[in-house]
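Structural description and commentary
Listed below, chain by chain, are the residues.
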Amino acid sequence: MELDRRTVIAGAAAAGAAAAAGGTAHASGGRGKPVKTLFGTLADGTRVHSWSLENGGTRMTVLSYGGIVRSLEIPDRRGRPANVSLGFDNLEDYVASSPYFGALIGRYGNRIGKGRFTLDGTAHQLSVNDGENSLHGGARGFDKRVWDVEPFTAGSDVGLRLYYTAVDGEMGYPGTLRTEVTYTLTRDGDWRVDYAATTDRATVVNLTSHVYWNLAGEGSGGIEDHELSIAASRYTPTDAGLIPTGERARVAGTPFDFRRAKPIGRDIRAAHPQLIAAQGFDHNWVLDKGVTARPEHVATLRDPSSGRTLRIATSEPGLQFYSGNFLDGTLTGTSGRVYRQGDGLCLETQHFPDSPNQPSFPSTVLRPGQTYRTTTVHSFGS
């Protein structure tokens, strides 16, 4: 009954990134062993490290705190690299005020209505941190935990394996969940994310990555001119608290139609009740492909000014497009510039929000003896 939560990614490690995502357009660069440095120390004395890795012309830095992608550099059409991921230059800001910049999200990405769900007849009350709802795993989700990190090189790939065990009852979720997330940079410069988890008690799981993209470069201004396409004929409208109503509405004839690439700014200020309630786009698109055994291409983002492109392939059935609506000029990024509304956007591959309370949505239940597996591939070009 939960077969869609046991996605089999046979062979994806070798071929999924390039084949499913359609490859990349920029030349391959050198590969280096991941380098570890001290990034900061938490109030309890826990050390947080930064890992730097490079392959195929893509460079990234990852923190052990929250599995955060702190920076991700890719070249433009002239070969000039720029960091295209929003973030901070110090640990204190990540701890005190980050809106999930670059974070690894769990145990449940997105919202669960009123922070409650019932599983096998037992009601569970979660940590509530978004009005009356639970968002991204609660007040102290996976984004605020220190992960164990293991670097690796495998053939032409280089990457990091991140491990975290959430105990039974953490943030209200049942079951001890053992999670392993693998970040891989391929020789073509693709960034592949493989998620895996097991539990000792029935629970719900929905892991994702919360990178804020700006392909013109972090701190360069708004993303309204970025062109976006999403392979989805439907989306899930929400109520005033951004919880899905259960409807899968057609995108045709609405601002939510991204089946053909268009500038994000074209319709973002349309007088559509869904856009007004969310102050922009902050919705789940129902991907036409559904759950798949291998990652398939679902979205393309392009910045005309730099020529940089991002192609996303995933095995997941949903994509949350968030247009940075709540960036308000109070946060200063790695460039030393403040982030204002629309200075970055998120494309979170996922199962649907509030699925534990929506029987018609693809199941997010994981049971003992099963393994949660999903894969998302980010391919860069110029």
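Residues numbered from 1 in each chain as written. Predicted model: local features only at pLDDT ≥ 70, side-chain atom pairs only at ≥ 80, totals over all residues. Heavy atoms only, no water.

1. Let's talk about the overall build of the protein
Just so we agree on the cut-off: Numbered from the N terminus, helices here are DSSP runs of H or I no shorter than four residues, and strands are runs of E no shorter than two. Our radius of gyration looks at C-alpha atoms and nothing else; its globule reference is 2.2 Å times the residue count to the power 0.38. Think of it in three bands: residues with accessible area under 20% of the maximum for their type are buried, residues over 50% are exposed, and the middle band is partly exposed, with areas taken using a 1.4 Å probe on protein chains only. The contact rule is simple, with two residues in contact once any of their heavy atoms fall within 4.5 Å. Reported accessibility uses the Shrake-Rupley method at a 1.4 Å probe radius. Residues are deemed covered only where the shown protein chains occlude them. Counted charges follow a simple rule, with Lys and Arg positive, Asp and Glu negative, and His plus the chain ends left uncounted. Lys charges are placed at NZ, Arg charges at CZ, Asp charges at CG and Glu charges at CD.
Counting secondary structure elements, the protein contains three helices and 29 strands. Relative to the 2.2 N^0.38 estimate, which gives 21 Å for 382 residues, the radius of gyration of the protein is 19 Å and therefore close to what a compact globule would have. Along the first, second and third principal axes, the C-alpha set of the protein runs to 55 × 50 × 40 Å. Evaluated residue by residue, the protein yields a buried proportion of 60% over its 382 residues. Considering only contacts within the protein whose residues lie at least 6 apart along the sequence, 68% involve residues at least 24 apart. Here the protein displays about 14,200 Å² of accessible surface, and carbon together with sulfur accounts for 47% of that area. Each charge sign in the protein was given a centre, from 40 positive and 40 negative side chains, and these centres are 4 Å apart.

2. So, the layout of surface pockets
The following threshold applies: Detection works on a 1 Å grid of protein atoms alone, calling trapped sets that fit a 1.4 Å probe cavities and calling open sets with protein on both sides within 12 Å along at least five of seven lines pockets, with lining residues defined by an atom within 4 Å of a point. Grid points are joined across faces, edges and corners, and a volume is the space filled by probe spheres set on the points.
Computed from the structure, the largest pocket encloses a volume of approximately 560 Å³. Lining the largest pocket are 34 residues, and of these P99, Y100, L135, H136 and Y212 lie nearest its centre. Taken together, the elements giving at least two residues each to the lining of the largest pocket come down to helix 2 (91–97) and strand 24 (318–322). The greatest single-element share of the lining of the largest pocket, amounting to four residues, is contributed by helix 2.

3. Structural notes on the nonpolar core
Cut-off, in case you're wondering: Here the nonpolar core consists of buried residues drawn from Ala, Val, Leu, Ile, Met, Phe, Trp, Tyr and Cys, with membership extended through side-chain atoms lying within 4.5 Å.
Core analysis: the biggest nonpolar cluster contains 56 residues, and W191, W285 and F321 have the highest contact counts within it. Examining the composition of this core, we find that five residues originate from one element, strand 12 (residues 157–166), more than from any other.

4. What to know about the sheet that holds strand 24
Through backbone hydrogen bonds, the strands of a sheet pair up, either in parallel or in antiparallel fashion. Heads up, the rule is: Think of it this way: DSSP has to see at least two bridges between two strands before they count as a pair.
One open sheet holds the five strands; their spatial order is 19-18-21-24-27, and the pairing between them is antiparallel. Single-partner strands in this sheet number two, and they are strand 19 (249–250) and strand 27 (346–350). The pairing of strand 24 with strand 27 spans five bridges and is classified as antiparallel. The residue bridging F321 from the neighbouring strand is L347, located in strand 27.

5. Description of the packing of aromatic side chains
Between two aromatic rings, the relevant description is the distance of the centres plus the angle of the planes. Threshold: Only the six-membered ring of Trp is used, alongside the rings of Phe and Tyr, when aromatic pairs are assigned; centres must lie within 6.5 Å, and planes under 30 degrees apart are stacked while those over 60 apart are edge-to-face, with the rest tilted.
Going through the model one piece at a time under the given rule, you end up with 25 aromatic pairs. For the pair Y322 and F326, a centre-to-centre distance of 6.2 Å together with 25° between the ring planes defines the contact as stacked. When its relative accessible area of 8% is taken as the criterion, Y322 is described as buried. When its relative accessible area of 43% is taken as the criterion, F326 is described as partly exposed.

6. Notes on the confidence of the model for the protein
A low pLDDT score tells you not to read the predicted coordinates there in detail. For clarity, the threshold we go by: Each residue gets a pLDDT score, which is the predictor's confidence in that residue and runs from 0 to 100.
Predicted confidence across the protein gives a mean pLDDT of 93, with 92% of residues reaching 70 or more. Low pLDDT, under 50, characterises residues 1–28; the stretch is placed with 86 contacts to residues that sit more than four places away or in other chains.

7. Points about the pattern of salt bridges
The condition is simple: The term salt bridge refers to a pairing of a side-chain nitrogen on Lys or Arg with a carboxyl oxygen on Asp or Glu at a separation within 4 Å.
Per the stated rule, a full pass over the model turns up 14 salt bridges. Residue E73 is joined to R59 by a salt bridge in which the shortest nitrogen-to-oxygen separation is 3.7 Å. Of this pair, E73 sits in strand 4 (residues 69–75) while R59 sits in strand 3 (residues 58–63), and the two are 14 residues apart along the sequence. For R59, a relative accessible area of 40% translates into the label partly exposed. Between D282 and R111 there is a salt bridge; the shortest N-O distance is 3.8 Å. With D282 in strand 21 (residues 282–286) and R111 in strand 7 (residues 111–112), the pair connects residues that are 171 residues apart, well separated along the chain.

8. Quick look at the pairing of strand 12
Among the ten residues of strand 12, seven are classified as buried, and the element is accordingly described as predominantly covered. In the sheet, strand 11 (residues 148–154) pairs with strand 12 via seven bridges, with the strands oriented antiparallel. Bridging across to strand 12, V149 finds its partner in L162. What sits between strand 11 and strand 12 in their antiparallel hairpin is a turn of two residues, with G155 showing a positive phi close to 60°. Pairing of strand 12 with strand 13 (residues 177–185) involves nine bridges; the strand directions are antiparallel. Residue pairing across strands places A166 opposite L177, the latter belonging to strand 13.

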